[in-house]
Structures are given as C-alpha cells and as structure tokens.
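Examining the three-dimensional arrangement
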Amino acid sequence: MRNIFLNRNFALLATGMTVSRIGSWIDFIGLNLYVYNTFGSGKILGTFLMSRMLPSIIFGPLGGYISDHYSRRKIMIICDTVRAFLVMGFIFTKDLFTFFAIGIMLSALDKIYTAANNAFLPDIVKKEEIMEANSIIKMAASTVTILGAMAGGIIVSSLNFSWIFIIDSLTFIFSIICVILISNVKEIEKKDKKRENPWEEFRDTLIFLRTEGAILFLIIIKLIDALGSGAYNTGIPLFSKVLGISRGGAYGWLIAAWSAGEFAGSLLTKYISKRFNIGPEKFFSLSVLLMALGMGCSFHFKNLYYAMISIFAGGFGDGLSNVVFFTVLMKDTPDKMRGKIIGTVASLIVSTVAFGMAISGFFMDKNFNVLITDISTGFIIVSVFLGLVYFVAKSEK
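A brief structural summary. (Residues numbered from 1 in each chain as written. Predicted model: local features only at pLDDT ≥ 70, side-chain atom pairs only at ≥ 80, totals over all residues. Heavy atoms only, no water.)

Re the packing of aromatic side chains
Summed over the entire model, instances satisfying the criterion amount to seven aromatic pairs. Note on Tyr-232 and Phe-299: the rings are 6.0 Å apart at their centroids and 25 degrees apart in plane angle, and the pair reads as stacked. In this pair, Tyr-232 sits in helix H9 (residues 213-242) while Phe-299 sits in the loop between helix H11 (280-298) and helix H12 (304-332), placing the two residues 67 residues apart along the sequence. The pair Tyr-232 / Phe-299 is uniform in exposure class, with both members buried. Ring geometry for Phe-239 against Phe-299: centres 5.3 Å apart, planes inclined by 80 degrees, an arrangement best described as edge-to-face. Remark: Phe-299 occurs in the loop between H11 and H12 and Phe-239 occurs in helix H9; sequence separation between them is 60 residues. (Phe/Tyr/Trp six-rings, centres within 6.5 Å; stacked < 30°, edge-to-face > 60°. Helix = DSSP H or I, 4+ residues; strand = E, 2+ residues; numbered from the N terminus. Buried < 20%, exposed > 50% of the residue type's maximum accessible area, 1.4 Å probe, protein only.)

A few points about a nonpolar patch on the surface
A cluster of nonpolar residues, Leu-54, Ile-57, Ile-58 and Leu-62, forms a patch on the protein surface that exposes about 370 Å² of accessible area. The class for Ile-58 is exposed, based on a relative accessible area of 55%. (Patch = residues over 30% accessible without salt bridge, like charges linked within 9 Å, V, L, I, M, F, W, Y side chains within 5 Å. Areas by Shrake-Rupley, 256 points an atom, 1.4 Å probe, with all protein chains shown as cover. Salt bridge = Lys/Arg side-chain N within 4 Å of Asp/Glu carboxyl O.)

A look at the side chain of Arg-338
With respect to the helices and strands, the residue Arg-338 is situated in helix H13 (residues 335-363). Separated by 3.4 Å, the side chains of Arg-338 and Asp-123 make a polar contact. Arg-338 has contacts with Asp-68, Arg-72, Ala-119, Pro-122, Asp-123, Leu-329, Met-330 and Thr-333, leaving out every residue within four places of it along the chain. (Polar contact = N/O pair within 3.5 Å; in protein donor to acceptor, adjacent residues only side chain to side chain. Contact = heavy atoms within 4.5 Å.)

Details of the nonpolar core
Generally speaking, soluble globular proteins have nonpolar side chains that are buried together. One finds Phe-10, Phe-90, Leu-121, Leu-254, Phe-325 and Leu-329 to be the most contacted residues of the largest nonpolar core, which totals 95 residues. Once residues lying within four places of it in the same chain are set aside, the contact partners of Leu-121 are Phe-10, Leu-13, Ala-133, Asn-134, Ile-137 and Met-330. (Core = buried A, V, L, I, M, F, W, Y, C linked by side-chain atoms within 4.5 Å.)

The structure is reproduced here in structure tokens:
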C-alpha cells in the first residue's frame, strides 16, 4: 500500500478529498443544528435534509455525462470553487427560501463533483492499483465520518455557527489547490469528438451494461443492498434507545463500531482478494451477505457491546463490498462511458437508500420494530443467494 502513495497525483487527490470531506461532515453536523436553531422546526429540518437528497436523482447522471465530455480535473476545480463561495451564503441569510436554494445547489454540485472524481481516479493510477486506491479512499472516508462528526460537535459547542461555514469553505479551497497541483494527466480529448444526443449516449450505455453480465449483476445486488440498508439507517437511532444509554450515547458507539468495521474491511480487501483468489462477483456477494448478517443480528442484542461487535462485522462486509464494487466499475467500463455509469449508479444508490428509509420509517414511526430489519436482512440474503446461483449457472453455459 505504501507504493501507491509514491504516486504524487493520487496522494494529492486523496489528501484533498479527505480534507474536503472533513469540512463537509463538520458542515453537516453544524448546518443541521443551525437550521433547527434558526427556524425552530423539526419539520423544516426534515424537509431541508430531504431537499438535499433530491438533486442526486438528476445531477448524478448529469455529472457523469459532463465528465465524459469535458476535463474531469477542471470540473472538480469549478465545483469546489463555486461551493467554497456558496457555503458562505448561510452566514448572511436567515431567509428560508435562500437556505433551501443554497442547500440544493451545494448538493447538486457535490453530485457532479463526485461523478467527475470517481471517473478521474483511473486516469491517475495504474489499472492494477485501482483496488488499492479505492481501499485507501474508503478507509479515509470511514475515519472522516468519526473525526468530522466529532469536530463539528466541538466547533458548534465552542464557537458560533459562522465558523462551521468558514472552515468548510477553507477545506474546499484546500481541495482546489490539491487538484490544481495534479500534473501530467493524459485525459482523453473529448472536445473534438462528434457528440451523440445525450439520450442516445445513455441508451448505448444501457446496451453495454446488458452485454456485461458481471457488471449488471453487481449493480443489481448493490441496489438491493441499498434498499435494505435504508431500513438499517432508520432503525439504528431508534434501536439505540432500546439499549438504555441516555442522550444517544449508544447511537454514537454503534456508528463508531460501524465506521471501524468499514475501515478494517477497506484495509483488508486487497489482501483477502489475493489470499483466497476469489472472483469479484463471488467476493462482492459474500461481502454483502456478511454486511446483512452483521447488521441484522445486531438489532437482536440487548447488550451494547454485543451489538457493537455485530455491527462491526456488518461494517466490515460493507467496506469489502464497496471497494470491490467501485473497483469493477472503474476498471471494466470504457472511458467514454465511465462517468455516466458511475454517476448514474451512485444516484440510484442514494435514491434507493432514501426509498428504503421512507418505507421503513412508515413502519417504525416512533418505536423500533425488529421485524422490519429482519425482513430487510432476509430480502438481501435471499436476493444475493438467488442472484449468485443464477449468475454462476449462466456463466458456466
């Protein structure tokens, strides 16, 4: 793993992303509290959070399309520059409409940036290093989840809310500098190519996916995983109350255990893949099963420590599956389609998780219901098993 950090361009990209994500987590914690304190309404806060998820439906695929036609590096610089200015807007307004407008624009730019960033990674690392690069990025993301949330809480309690947005803006500027310093990248020239109608390009992309059974299999299983994960995301804060630790302490410990498991899974993905010589489809499926079993079992424990061990296993499986999934998408998709595929899939994942949260939230309005998480776990396990049997049988023909 040490060798990949000798790749100056990857080191710059990973560092800029990590610092920017810390700022985003600080912003996430602080902004939610700021919205609630400013407008004094849980309904407004919930609507605000939902509104920031909506742009993923449109801007994930759009970001992928743009990144397949223009310099991905320039797209990232533009998105971070605009976000650095936009986030400061929260300081100067208390108008509800303006709050929503800024939040939606920031979310839209984030989806465009993410699509360009994911499509850009294979441009700066060797094909055989993509899994290792993904492992490092996912490990950093798991660490940032903890550090960013802690930093956000400390800043909100120690300073005024304005510092939340100033710090987030500065992290965007740091990311811009890192991306600008990336050099000697041979991006495929896209401007001189004859462009098809966008709908025709997406049609060609769908045709490509239909002919690539392995990639399509992974995408379907990932969406099933996302649907079930929506129930887990809804259930964890409600379940934490069952454990009887006051003031949400159990929730924090469970999220920390999940993040630690995700970090460990991301770290060991390459080693396990090489040690056991497992194909990506089987490796991914087994990882999703581990995630579902770990998460599903955790809701049956009445002891926090046992629940943490189980949720750690779930996070471990999720870390493994995420690295394998995005490695396959980055390695096995053509450059001219990579942005559209990754952007659209990322959008579908976010939308599916949100749909799963909405359905499970209806059945767990105020009290935790283990039956809902059990149904989600069973749905994932049966779907993965049947899908894997079908895929293996079809591959052997």
